Number of protein chains: 2
Amino acid sequence: MANPTAAMLVIGDEILSGRTRDANMHHLAGELTEAGIDLTEVRIVGDVPAVIVDAVRALAGRYDTVFTSGGIGPTHDDITADCMAEAFGQAIDVRDDARALLQAHYDKSGVELNAARLRMARIPADATLIENPVSAAPGFVVENVYVMAGVPSVFQAMVASVLPTLTGGAPLISKTHAIFRGEGDIAGPLGELAQANPDLSIGSYPFQRDGRYGANIVIRGQDAATVDAAIAKIAAVFP
Amino acid sequence: MANPTAAMLVIGDEILSGRTRDANMHHLAGELTEAGIDLTEVRIVGDVPAVIVDAVRALAGRYDTVFTSGGIGPTHDDITADCMAEAFGQAIDVRDDARALLQAHYDKSGVELNAARLRMARIPADATLIENPVSAAPGFVVENVYVMAGVPSVFQAMVASVLPTLTGGAPLISKTHAIFRGEGDIAGPLGELAQANPDLSIGSYPFQRDGRYGANIVIRGQDAATVDAAIAKIAAVFP
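Note that this is a predicted model, so its numbers are computed, not measured.

Trainee: How should I be thinking about the interface of chain A and chain B in this particular structure?
Mentor: Interfaces are frequently sized by the accessible area removed from exposure as the parts join. In this assembly, 53 residues from chain A lie in contact with 53 residues from chain B. Both faces considered, chain A and chain B share a buried interface measuring about 4,300 Å² in area, 54% of it formed by carbon and sulfur atoms. Taken together, chain A and chain B are joined by two salt bridges. Salt-bridge contacts for Asp185(A) lead to Arg117(B); the nearest nitrogen and oxygen are separated by 3.2 Å. On the surface where chain A and chain B come into contact, there are 16 residue pairs in polar contact (both at pLDDT 80 or more). Residue assignment for the side of chain A that touches chain B shows that the elements contributing at least two residues are α1 (13–16), α2 (24–35), β2 (38–45), α6 (115–118), α8 (183–196), β10 (201–209) and β11 (212–221) of chain A. With eight residues, the top contributor of residues to the side of chain A that touches chain B is α8(A). Residue composition of the side of chain A that touches chain B, by class: 21 nonpolar, 20 polar and 12 charged. Sheet analysis places β2(A) next to strand β2 (residues 38–45) of chain B, joined by five bridges and oriented antiparallel. Bridged to Val42(A) within β2(B) is Ile44(B).

This is the structure we're talking about:
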């Protein structure tokens, strides 16, 4: 049976300007692979409402689950919650459950829950909250979309709390065999192996190391014996 | 006048599985910002022909320029050139100009230009070649799409040769002011500053450093004096 599919929507001008190198996508990709959920598409968009709304609708319609990161803080450029409400036709306002979480958090540190911080309690009407053990301001799930923070430590904590609730498929087994030959030499036998094993994902990733050319052959599949057999076959041709 | 817009399409299962952390997007983002071209959207897709074709058509229709990375090597999973030909309704076959580049390169090292390597000379009929000073196999330009290699050293060399041929706008001036206060304290005055300066892009990026909370306020715009004035204003409120 095919694994469930997922997409990610990264929201933030700072990634597109090159100021920040995204780390959340790489983290989520690894976690989903281990959980047996196929990350199939990622989109990165800026802080532009119409673009965010279009992208999340397109992805939510096409994949089983969508994860977003970014834009749920207290400043004027944090517009993700409002965009999600618009995308799914839900009302949005400060919600009592989210406000209570923030109030408890700021009471502990004696910080005022001012108007800006209260923006983080704006949650679409039918959404379910996602716990934020780092800084309290919750993420939320609306339809099949998991809306999470952009700060990597918070994003990772939210992923950790959400993943066990998702039904994954068989985790992918991945084996790598390094070959110190040009990809052009490897391509023929590798293509035949790929054709003989349509259930496996067989990739070739060239490298240059200490002045020598080579490629990592990565074979992925759900059945360990099949993956091992394929690795053994290509290793027999290129030890 | 608004800057020209660009999108990037990253092609490769290895990014989506979490095996490889993409470096090309971050590189291109920085280069485009310096050139005054607005990177507006990035999509990352796997080695699936229909998905690649759909994505490149959508992006090419929406933005002035599209850059792709990945999938132009000699192995069976290198399908980008064929996808581009399909997306733009062009014929594709081994082209004499591309074959000559490869022949010259492999003659020098005494390596055979076999059938697999010849795949790298498959170029859509009306495309223009992009030089590859690292390993000869060319990229190409088809319509408004620049098709480049996934190996970072080759990708960067291709970007360097292509960028001077593109017409950019005014490069963005970017200034940062770090404030050691919670974002919730900064949000009010920052929102007013953003409203008073619709021509500036004003972002707030929270951090945690040595146990202290804060946020980097990043102000970007095309006019240095306006950017400086805005930085001075927020610095007056939060020194």
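Trainee: Looking at this model, I keep getting lost on the side chain of Asp47(B). Mind explaining?
Mentor: Inspection of the secondary structure assignment puts Asp47(B) in the loop between β2 and α3 (49–62). Here Asp47(B) occupies a buried position and makes no salt bridge, while the nearest side chain of opposite charge, Arg220(A), is found at 6.4 Å. Once residues lying within four places of it in the same chain are set aside, the contact partners of Asp47(B) are Ile11(B), Gly12(B), Asp13(B), Ile52(B), Asp77(B) and Ile79(B).

Trainee: Mind showing me how you'd approach the packing of aromatic side chains here?
Mentor: Any pair of aromatic rings gets described here by the distance separating the centres and the angle formed by the planes. Applying the stated criterion across every chain yields a total of two aromatic pairs over all chains. Directly above the ring of Tyr106(A) sits Arg117(A), whose terminal nitrogen or CZ lies 5.2 Å from the centroid.

Trainee: Help me out: how do you make sense of α8(A) in this one?
Mentor: Since one α-helical turn is 3.6 residues long, residues separated by three or four positions face the same way. With 14 residues, α8(A) extends 19 Å from end C-alpha to end C-alpha; this agrees with the ideal 20 Å at 1.5 Å per step. Listed as buried for α8(A) are Glu183(A), Gly184(A), Ile186(A), Ala187(A), Leu190(A), Gly191(A), Leu193(A) and Ala194(A). In this structure, the buried side of α8(A) is in contact with β9 (173–179), β10, β11 and α9 (224–237) of chain A together with α6 (115–118) of chain B.

Trainee: For this particular structure, what's the right way to read the pairing of strand β7 (residues 139–142) of chain A?
Mentor: All names here are of chain A. The side-chain alternation of β7 yields two buried faces, one formed by Gly139 and Val141 and the other by Phe140 and Val142. Note: strand β6 (residues 128–130) against β7, three bridges, orientation antiparallel. Within the sheet, the bridge partner assigned to Leu129 lies in β7 and is Phe140. Sheet topology places β7 next to strand β8 (residues 145–148); three bridges connect them, and they run antiparallel.

Trainee: Explain the sheet that holds strand β7 (residues 139–142) of chain B to me, please; I cannot follow it from the model alone.
Mentor: To summarise the sheet geometry, strands pair through backbone hydrogen bonds and adopt either a parallel or an antiparallel arrangement. Strand order in the open sheet made by the 12 strands is β6(A)-β7(A)-β8(A)-β3(A)-β1(A)-β2(A)-β2(B)-β1(B)-β3(B)-β8(B)-β7(B)-β6(B), with mixed pairing throughout. Edge positions in the sheet fall to β6 of chain A together with β6 (128–130) of chain B, since each of these pairs with one other strand and no more. Here the strands of the sheet are splayed against their neighbours by 20 degrees on average, with no regard to which way each runs.

Trainee: Can you walk me through the pattern of salt bridges in this structure?
Mentor: Where side chains of opposite charge bring their charged atoms close, a pairing between them can arise. Residue and element names in this part refer to chain A. In this structure the tally under the stated criterion is 14 salt bridges over all chains. Note that Asp185 and Arg181 form a salt bridge whose closest N and O atoms lie 3.6 Å from each other. Residue Asp185 is classed as partly exposed on the basis of its relative accessible area of 28%. Here Arg181 falls in the partly exposed class, since its relative accessible area comes to 39%. A network of salt bridges, in which partner residues are shared, links Glu41, Arg43 and Arg62.

Trainee: What's the story with the packing of helix α2 (residues 24–35) of chain B against helix α7 (residues 152–162) of chain B in this structure? I'm lost.
Mentor: Helix-helix packing: each pair is described by the crossing angle between the helix axes and the interaxial distance. Residues and elements named next belong to chain B. The interhelical angle for the contact between α2 and α7, taken along N-to-C directions, is 20 degrees, at an axis separation of 10 Å. As far as their axial angle goes, α7 and α2 are roughly parallel. Pair α2 / α7 crosses with right-handed handedness. Along the contact surface, α2 presents Asn24, His27, Leu28 and Glu31, while α7 presents Pro152, Phe155, Gln156 and Val159. Looking at the contact of α2 with α7, its residues break down into four nonpolar, three polar and one charged.

Trainee: Even after reading the chapter, I still don't get the domain arrangement of chain A, so can you show me in this structure?
Mentor: Assigned domains within chain A: domain 1 (5–165) and domain 2 (174–237). Computed from C-alpha coordinates alone, the two centres of domain 1 of chain A and domain 2 of chain A are separated by 37 Å.

Trainee: Can you walk me through the packing of α8(A) against α9(A) in this structure?
Mentor: Residue and element names in this part refer to chain A. Running from N to C, α8 and α9 point in directions that differ by 160 degrees, and their axes come no closer than 11 Å. Taken together, α8 and α9 sit at an angle that is classed as roughly antiparallel. Where α8 crosses over α9, the two elements pack in a sense that is right-handed. Residues Pro189, Leu190 and Leu193 of α8 lie in contact with α9, whose contacting residues are Ala230, Lys233, Ile234 and Val237. Tallied by class, residues from the contact of α8 with α9 come to six nonpolar, no polar and one charged.

Trainee: Can you help me understand helix α5 (residues 96–109) of chain A in this one?
Mentor: All names here are of chain A. An ideal rise of 1.5 Å per residue puts 20 Å on 14 residues; α5 measures up with 20 Å between its terminal C-alpha atoms. Taken together, the buried positions of α5 are Ala98, Leu102 and Tyr106. Down the axis of α5, the buried set is contained in an arc of 55 degrees. They therefore lie on one face. Exposed side chains of α5 directed beyond 90 degrees from the buried face belong to Asp96 and Lys108. Looking at the buried residues of α5, the elements they touch are α6, β5 (122–124) and β6.

Trainee: Explanation requested: the relation of the copies chain A and chain B in the structure shown.
Mentor: Superposition of the two copies of the chain requires a rotation about an axis and a shift along the axis. In the superposition of chain A on chain B (RMSD 0.0 Å, axial shift 0.0 Å), the rotation amounts to 180 degrees. Both copies are brought into coincidence by an operation consistent with a two-fold rotation axis. Across chain A, the rotation axis passes nearest the C-alpha of Arg43(A), at a separation of 2.2 Å. Here 100% of the contact residues of chain A are again contact residues in chain B; the copies associate through an equivalent surface.

Parameters at a glance
- Residues numbered from 1 in each chain as written.
- Chains lettered and ligands numbered in written order.
- Predicted model: local features only at pLDDT ≥ 70, side-chain atom pairs only at ≥ 80, totals over all residues.
- Heavy atoms only, no water.
- Contact = heavy atoms within 4.5 Å.
- Buried area = accessible area lost by both parts, 1.4 Å probe.
- Salt bridge = Lys/Arg side-chain N within 4 Å of Asp/Glu carboxyl O.
- Polar contact = N/O pair within 3.5 Å; in protein donor to acceptor, adjacent residues only side chain to side chain.
- Helix = DSSP H or I, 4+ residues; strand = E, 2+ residues; numbered from the N terminus.
- Nonpolar A, V, L, I, M, F, W, Y, C, P; charged D, E, K, R; others polar.
- Pairing = 2+ DSSP bridges.
- Buried < 20%, exposed > 50% of the residue type's maximum accessible area, 1.4 Å probe, protein only.
- Lys, Arg positive; Asp, Glu negative; His and termini not counted.
- Phe/Tyr/Trp six-rings, centres within 6.5 Å; stacked < 30°, edge-to-face > 60°.
- Lys NZ or Arg CZ within 6 Å of the ring centre and 35° of its normal.
- Expected span 1.5 Å × (residues − 1).
- Axes fitted to C-alpha atoms, helices over the stretch in contact; angles between N-to-C directions.
- Parallel < 35°, antiparallel > 145°, perpendicular 65-115°, else oblique.
- Left-handed = near helix turned anticlockwise from the far one by under 90°.
- Domains from an automatic or database assignment.
- Arc of directions from axis to C-beta.
- Least-squares fit on C-alpha atoms with pLDDT ≥ 70 in both.

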